[in-house]
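What follows is the residue order along each chain.
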There are 4 protein chains.
Amino acid sequence: MTNKVKKDETVVLVDTNFNKYFIDTGGKTDKYKGVGVINPVDLVGIEYGKLTKIKDKEFWIFKPSLMDKFHGLKRKAQIILPRDSAHIITNCAIESGHTVLEAGIGSGSLTIALANAVAPNGKVISYDNREDFIKHAVKNLKTMELDDFVRTENRDVTKGIKEKDLDAVIIDIPNPWDVVSHAWKALKVGGYLCTYSPLISQVEKTVDEIKKYGFIEVKTYENIQREMVVSKHGTRPSFNMLGHTGYLTFARKILL
Amino acid sequence: MTNKVKKDETVVLVDTNFNKYFIDTGGKTDKYKGVGVINPVDLVGIEYGKLTKIKDKEFWIFKPSLMDKFHGLKRKAQIILPRDSAHIITNCAIESGHTVLEAGIGSGSLTIALANAVAPNGKVISYDNREDFIKHAVKNLKTMELDDFVRTENRDVTKGIKEKDLDAVIIDIPNPWDVVSHAWKALKVGGYLCTYSPLISQVEKTVDEIKKYGFIEVKTYENIQREMVVSKHGTRPSFNMLGHTGYLTFARKILL
Amino acid sequence: MTNKVKKDETVVLVDTNFNKYFIDTGGKTDKYKGVGVINPVDLVGIEYGKLTKIKDKEFWIFKPSLMDKFHGLKRKAQIILPRDSAHIITNCAIESGHTVLEAGIGSGSLTIALANAVAPNGKVISYDNREDFIKHAVKNLKTMELDDFVRTENRDVTKGIKEKDLDAVIIDIPNPWDVVSHAWKALKVGGYLCTYSPLISQVEKTVDEIKKYGFIEVKTYENIQREMVVSKHGTRPSFNMLGHTGYLTFARKILL
Amino acid sequence: MTNKVKKDETVVLVDTNFNKYFIDTGGKTDKYKGVGVINPVDLVGIEYGKLTKIKDKEFWIFKPSLMDKFHGLKRKAQIILPRDSAHIITNCAIESGHTVLEAGIGSGSLTIALANAVAPNGKVISYDNREDFIKHAVKNLKTMELDDFVRTENRDVTKGIKEKDLDAVIIDIPNPWDVVSHAWKALKVGGYLCTYSPLISQVEKTVDEIKKYGFIEVKTYENIQREMVVSKHGTRPSFNMLGHTGYLTFARKILL
């Protein structure tokens, strides 16, 4: 039994360099970046997962996975990489059904990870004080079919959080310390705060502030990912490595 | 409005050293390790998240989070740590509703992470050829209230996988290369295989085997976690560090 | 032709666990820690590098190398490890014939590395404001036969450096920023300052101060050493790892 | 008292981007790469360490340090970086007066480090089976004024080592295992073998071979260097990082 592309599905085309392109098979004939001018309906009937020539180039077609969504994201701001969002979700114990708040939205890369984690019954609330970022991120979320799980707000999170009983609050802004008191109020008992900061001074100011409120299990981590190159000649770490992304600080709400 | 422990809830008690103890408030008077002899019903009415004296020792009580479940796990075999299960779930694009297979079950630490990720509608199938490991892991899963999302099988995964259309297959056995062909057959198109191995030679044999079958996006990573110690004096990486856990190899099924 | 232990040599005995014991074969019968009661002259005539039974235990005997000296050091304070002294010597371009200043002396581990590097015609000047550390370190240096290349001073380096035209100044005290102006005056043009600090805040205060004076090529590094365990089963990084030693900041004197 | 450039000195010019150019002030008018057409004698009288305009560009002039020599090296082959040569010298306990052998010579970067370490009375013997590499490296060594401490040999080290009683043997060729037996014969008792290899498989074959001969203290290390970026905004590890250089295996000769 084979599995073929149907009409009105969003699919991802993966070329042999592993670039990824999202196409809605219900869309209209247009120039699709990286693929060329095609009528998306022509994709209907192609077998999923089988290398297929489309407009002079070969592609595999898949139903988009979370990893495809990360790779297919259009970037506007610096993004939180999957290696870090993986740790955020695990250390904040985020799961299906949870309600979590993030600020800011950036390009929506963390939003995608969070939306995927809380679906189908949970919700991500995403604050950003820049309307252009929100618009860009929402466009990404629509492409990834995750917009139903996200509510955006054009708000400055340092002015306060209006939600209550949140399962987690994740802050990726330059001054996360200004959100600590708001996060404490907005979290449920036992809920998690996470801040993501590239600089040690940001971590220090944030941890200082966290210690003034009812938080326990305060931990800061750096996650370093090394790719291993495995070839016929042998194995070694990749020469090509991202030296740093950011420090992740976690804390859990208690009552004082 | 306060939030208090009710009857027949499973709660986690966290002492001031952050040791964690799981108790079912519907249980009977007994000696609870780390807490002492108590009648669990006496916990009913205690405020969640407020430091409270119970039998001469102070505890916070929470509704158990995923992190509590990791910390409260009773270990029998070497476990896969949250830092690695976080990457497994993200890189295998595992989400609510998925059906995934793991082998072996070990102490159930990865099982807990996977069960939490696929809940409430998905399923984890866990093979192990040692009945004692399965029993031990299932006990952990029951304590964590995640047993409903897991089906265990006393089977040797190198002999074959009977399931089809799996979203992901995660292998943590000494000879993962012996499962590669079975995993290819059992996976859905676009599904992910992950193997976890401490040794480079295991990675090499596995990648060699993976290359014989229809897999793309074959990547091997090592994830290194450094804790940062933030104190009044300043910040530095912790002197105390786990130098290695294992290499994670990922691959995605295509049709040839 | 064999090579045998002679009278009045200092030798190192290495047991099969690679513990190292320094003995002067011209010494008197005594209880030698780790070896037992022996008359050192009994070692004379034993073949170097051949496993030999001495007092019920087996040892290899060598003429001490720099690495033996590091391993044989008696510790009183926290030491600078060979992995870091290697970088200090290379990045400060220290070589035979140089005159370098260090403060404080600690247990003398960096002193040993520096003395070895500047010998036979150079000199290490070592300031420490604790006479007990100086005494302890000098004892180590005498055992290692490196005391001829070191001059110690019971002085507080934050009060000033009386030497001029130094090839390098290496500072391992809690407040290295208080030495920066003194180091600038004491260095030759093109000479190097190095500070060793475990904390980021120390690095920041030191770099701030360095920028006020005539220094270029200001760099801060962290050197992480991973041991690889190579066995019949395969190879992996050691689980056992020191997570952090210290940050090394280097700067080079210019004229303004 | 000022310190000025004299005639017939080799100096290093450092521009404000920290590029480095070696010039012999006794040389003839020529086009000097990175500096322009100059008569080197015009540099005579310039103050060392003072930013000075030379042909429309500003430079500091120094008497070359070891670090200048590393930075000024012309590369032909992949080089061993100072971070690794520092560890080679320390772990092989190389010091002034030693006689050490290296193979191959590559661009001469390790040769420079070794020559600097054994000077003024020691010797580096450098084998390479490619005359073009030897010529290129010797040219570098002459520029760095270290050629007096090096003797090159156009020989294949896997065919044997003719020297005896060497203090250290350092092997940077693709098949270091083919040199292990020769190295054992050529080393003094207590002398060190070091091999540098990017791949785990090379390490494994080498360690296998080492274990067949009289060697103890067999250790393999990977040294990871992270640069820390210290700015007004705060401190973080550099995003830009070299993910891997090579594995260093050390072993020490004993008699069996």
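Our subject in this report is the structure included herewith. These figures come from a predicted structure and were not determined experimentally.

Reading the values: rules and limits
Residues numbered from 1 in each chain as written. Chains lettered and ligands numbered in written order. Predicted model: local features only at pLDDT ≥ 70, side-chain atom pairs only at ≥ 80, totals over all residues. Heavy atoms only, no water. Contact = heavy atoms within 4.5 Å. Salt bridge = Lys/Arg side-chain N within 4 Å of Asp/Glu carboxyl O. Polar contact = N/O pair within 3.5 Å; in protein donor to acceptor, adjacent residues only side chain to side chain. Helix = DSSP H or I, 4+ residues; strand = E, 2+ residues; numbered from the N terminus. Nonpolar A, V, L, I, M, F, W, Y, C, P; charged D, E, K, R; others polar. Pairing = 2+ DSSP bridges. Least-squares fit on C-alpha atoms with pLDDT ≥ 70 in both. Axes fitted to C-alpha atoms, helices over the stretch in contact; angles between N-to-C directions. Buried < 20%, exposed > 50% of the residue type's maximum accessible area, 1.4 Å probe, protein only. Parallel < 35°, antiparallel > 145°, perpendicular 65-115°, else oblique. Left-handed = near helix turned anticlockwise from the far one by under 90°.

### Comments concerning the interface of chain A and chain B
With 57 residues of chain A at the contact, the number on the chain B side is 57 residues. Among the salt bridges present, the one from Lys219 of chain B reaches Glu227 of chain A, with a minimum N-O distance of 3.2 Å. Linking chain A with chain B are 24 residue pairs in polar contact (both at pLDDT 80 or more). The set of elements that each furnish at least two residues to the side of chain A that touches chain B consists of strand S6 (57–62), helix H1 (66–72), helix H2 (82–91), strand S11 (187–197), helix H6 (200–210), strand S12 (215–231), strand S13 (234–237) and strand S15 (247–253) of chain A. When residues of the side of chain A that touches chain B are assigned to their parent elements, the largest contribution, 13 residues, is made by S12 of chain A. When grouped by side-chain class, the residues that make up the side of chain A that touches chain B number 27 nonpolar, 14 polar and 16 charged. Relative to strand S12 (residues 215–231) of chain B, S12 of chain A is paired through nine bridges, and the arrangement is antiparallel. Note that in S12 of chain B the partner of Tyr221 of chain A across the bridge is Glu227 of chain B.

### Section: the relation of the copies chain A and chain B
Least-squares fitting of chain A to chain B yields an RMSD of 0.0 Å, with the transformation described by 0.0 Å of translation along the axis and a rotation of 180°. Both chain copies can therefore be described as sitting about a two-fold axis. In this assembly, 100% of the residues forming the interface of chain A have copies in chain B that are likewise at the interface, indicating an isologous arrangement.

### With respect to the sheet that holds strand S2 (residues 20–24) of chain D
Residues and elements named next belong to chain D. Here we have four strands laid out as an open sheet, ordered S2-S1-S6-S5, and antiparallel in their pairing. Strand pairing shows two members of the sheet lacking a second neighbour, S2 and strand S5 (52–54), which therefore form its edges. Put simply, the sheet's adjacent strands are angled 45° from each other on average, direction ignored. Direction of pairing for S5 relative to strand S6 (residues 57–62): antiparallel, over a ladder of three bridges. Counted as the bridge partner of Thr52 is Phe59 from S6.

### Looking at helix H2 (residues 82–91) of chain B
Residue and element names in this part refer to chain B. Across the ten residues of H2, ten count as buried, placing the element largely inside the fold. Within the span of H2, buried status applies to Pro82, Arg83, Asp84, Ser85, Ala86, His87, Ile88, Ile89, Thr90 and Asn91. Two residues or fewer past H2, Ala93 is found with a positive phi of approximately 55°.

### With respect to the sheet that holds strand S6 (residues 57–62) of chain C
Residue and element names in this part refer to chain C. Here four strands make up an open sheet; going across it, the order is S2-S1-S6-S5 and the pairing antiparallel. Each edge of the sheet is formed by a strand with only one pairing partner; in this case those strands are strand S2 (20–24) and strand S5 (52–54). Across the sheet, the mean angle from the axis of one strand to that of its neighbour is 45°, orientation sign disregarded.

### Points about the pattern of salt bridges
This structure, assessed with the given rule, holds 66 salt bridges over all chains. Between Arg252 of chain C and Glu217 of chain C there is a salt bridge; the shortest N-O distance is 2.9 Å. With Arg252 of chain C in strand S15 (residues 247–253) and Glu217 of chain C in strand S12 (residues 215–231), this residue pair connects regions lying 35 residues apart in the sequence. This pair shows no difference in class: Arg252 of chain C is buried, exactly as Glu217 of chain C is. Look at the salt bridges and you will find they share partners, linking Lys20 and Asp68 of chain A together with Glu217 and Arg252 of chain B into a network.

### Topic: the packing of H2 of chain A against helix H3 (residues 109–118) of chain A
Residues and elements named next belong to chain A. Closest axis-to-axis distance for the H2/H3 pair is 10 Å, and the angle between their directions is 40°. Our classification of the angle between H2 and H3 gives oblique. Crossing hand, H2 versus H3: right-handed. Along the contact surface, H2 presents Ser85, Ile88 and Ile89, while H3 presents Leu110, Ala113, Leu114 and Ala117. Split into classes, the residues belonging to the contact of H2 with H3 amount to six nonpolar, one polar and no charged.

### Some words on the packing of H2 of chain A against H2 of chain B
It is the contact of H2 of chain A with H2 of chain B, at a shortest axis distance of 8 Å, that shows an interaxial angle of 115°. Both H2 of chain A and H2 of chain B take part in a crossing whose hand is right-handed. Listed contacts from H2 of chain B to Pro82, Arg83, Ala86, His87 and Thr90 of chain A of H2 of chain A are Pro82, Arg83, Ala86, His87 and Thr90 of chain B.

### Overview of the side chain of Glu217 of chain A
For Glu217 of chain A, a relative accessible area of 16% gives the class buried. Here the side chain of Glu217 of chain A touches Arg252 of chain A through a polar contact of 2.9 Å, side chain to side chain. The residues touching Glu217 of chain A, leaving out its near neighbours within four places in the chain, are Phe250, Ala251 and Arg252 of chain A together with Phe18, Lys20 and His71 of chain B.

### Here's the deal with the environment of Lys53 of chain D
Mapped onto the fold, Lys53 of chain D is located in strand S5. For Lys53 of chain D, a relative accessible area of 60% corresponds to the exposed category.

### Some remarks on the pairing of strand S10 (residues 166–171) of chain A
Residues and elements named next belong to chain A. Taken across its six residues, S10 has six buried, putting it largely inside the fold. Two strands pair when backbone bridges link them, and strand S7 (residues 99–103) and S10 are joined in this way by four bridges, in the parallel orientation. Bridge pairing links Leu101 to Val169 in S10. Of the pairings in the sheet, the one linking S10 to S11 comprises five bridges and is parallel in character.

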